[in-house]
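A structural walkthrough
Here are the chains, one letter per residue:
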Amino acid sequence: MVSSFHGLELGKRGLSVGQASISTTGQNIANVNTKGYSRQQVNSSASPSLDVWTGQGANTGQLGTGVTLDSITRVRDRFLDQQFRDHSETLGQWQTKQTTLDRLETIVNEPSDSGLNSAMDGLKNAWQDLANEPDSLSAQAVVKERAQGFIEVAQSMNKSMDSLKTELTQQSEAAVAEVNGYLEQIAELNKSIVRDGSQSNDLKDKRDVLVEELSTLMSIKVDEKSNGSYSISLSSNNQQLVSGEEVSKIDHKTGAGENEIYGGKLAGLSESMDIAKNYQANLNNIVADFAIANSISATGGKDQALFIGNAADFKLSELKVNYEASPLEQPAATGETAQGEFRKLVSQLGAQSQAAINSVTNHGAALQATENRRQSVTGVSLDEEMANLIKYQHSYNAAARLVSMTDQMLDTIINRMGN
């Protein structure tokens, strides 16, 4: 025998699930523009059935008891999330290198009328003028002034490269501090999610935003545990960074290439430091070769070379013009080889910079394509939510109608039968 109140219970459960569905849809609509928000959905299933006697002998039938609200979960695709993190890490690395190469191009400033190559040409032309008038004091003065102009340009470039390396070191230290801050926040959110339950959707969204920010700084692997917490490790060597509430902070390394194991922006900064050091070393070698070709001495003096500096242990910052030298003698070579090396350096820098720009463009497009696919799964569509809202409204109204009808039936049975 079915209980007379069975219909009320059936309708009540329908109302409960319908109300939860409407509220969840409203939550999605309200957060359509919230960064990192994941679309939520109500998961429900049929309630356990009741065994009832039927008219088929000793057999029993099953009568449905309505619907049960199982959970309210986020809609996520772990595969797309990991793809997004991988592309974000690679893009962060190339963006950092591209920015550094762009800075180096600005420092080198070629082709230009005020760059190093122009200064070399100016000195070479001054030597040619002096060769035409060996006894001209003004021609000798022009050679010295052109040499001074060459030194000023070269030392300015060298100083700018020193500043670039200092900035890269500071950025790397700041990035390491930022990483450690993210790791601590993720561990704290792990603690809250485990405490509040694995269906803490808003806390999980906040944690995923932090994980995505972390993925631009370093290459990571993310594993979600059964209790809802994240375990995060380095992709390069599986070094554990976060395990539940436990955090293993990273240290800033200053050696060449040391931070490349981290991947992401940190690896890009480490590679950028190596690039800046290599170009500075090449610049120093080119300036040294040019100065030696134009004659250099360690002491200077009236009958000595045009430049003052240590050819054996050359330091660009210490290079000077020997204004006392007189008369100046035309050198056998005026630095054509050094100029060729400089033009080669400029061409190499341009090619590297263009390759970095292409890589940033390609990886940026891949990241955007992945994000578009991910948003098609986890993002909020207002059209879809409005359609769901109408559907759940009808469902709620139907459940309310069922309760009202059952109430009328019970009223007939209780108050009117037997009168």
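Structure: see above.
Below, the structure is looked at part by part. (Residues numbered from 1 in each chain as written. Predicted model: local features only at pLDDT ≥ 70, side-chain atom pairs only at ≥ 80, totals over all residues. Heavy atoms only, no water.)

Here's the deal with helix α5 (residues 201–217)
For α5, spanning 17 residues, the distance from its first C-alpha to its last is 25 Å, which sits close to the expected 24 Å at 1.5 Å a residue. The buried fraction of α5 is high, at twelve of 17 residues. (Helix = DSSP H or I, 4+ residues; strand = E, 2+ residues; numbered from the N terminus. Expected span 1.5 Å × (residues − 1). Buried < 20%, exposed > 50% of the residue type's maximum accessible area, 1.4 Å probe, protein only.)

Examining the pairing of strand β7 (residues 240–243)
The sheet contact formed by strand β6 (residues 230–234) and β7 spans three bridges and is antiparallel. Each bridged residue has a counterpart across the sheet, and for I232 the counterpart in β7 is V242. Between β6 and β7, which pair antiparallel and follow one another directly, the connecting turn spans five residues, one of which, N238, has a positive phi of 60°. In this structure, β7 lies alongside strand β8 (residues 246–247), joined through two bridges in antiparallel fashion. Bridge pairing in β8 links V242 to V247. (Pairing = 2+ DSSP bridges.)

Some details on unusual backbone geometry
Backbone torsion omega between E110 and P111 reads -5°, so that peptide bond is classified as cis. Positionally, P111 belongs in the loop between α2 (78–108) and α3 (116–132). Despite not being glycine, N238 shows a phi value in the positive range, around 60°. Looking at where N238 falls in the secondary structure, it is placed in the loop between β6 and β7. A positive phi angle is found at S295, which is not glycine, with a value near 85°. Secondary-structure assignment places S295 in the loop between α6 (264–293) and β9 (296–297).

Points about the packing of α2 against α5
Direction vectors running N to C along α2 and α5 enclose 40°, while the axes themselves pass 6 Å from each other. In terms of orientation, α2 and α5 fall into the oblique class. Across from F84, R85, S88, E89 and G92 in α2, the residues of α5 making contact are V211, E212, S215 and T216. In terms of residue class, the contact of α2 with α5 is built from two nonpolar, four polar and three charged. (Axes fitted to C-alpha atoms, helices over the stretch in contact; angles between N-to-C directions. Parallel < 35°, antiparallel > 145°, perpendicular 65-115°, else oblique. Contact = heavy atoms within 4.5 Å. Nonpolar A, V, L, I, M, F, W, Y, C, P; charged D, E, K, R; others polar.)

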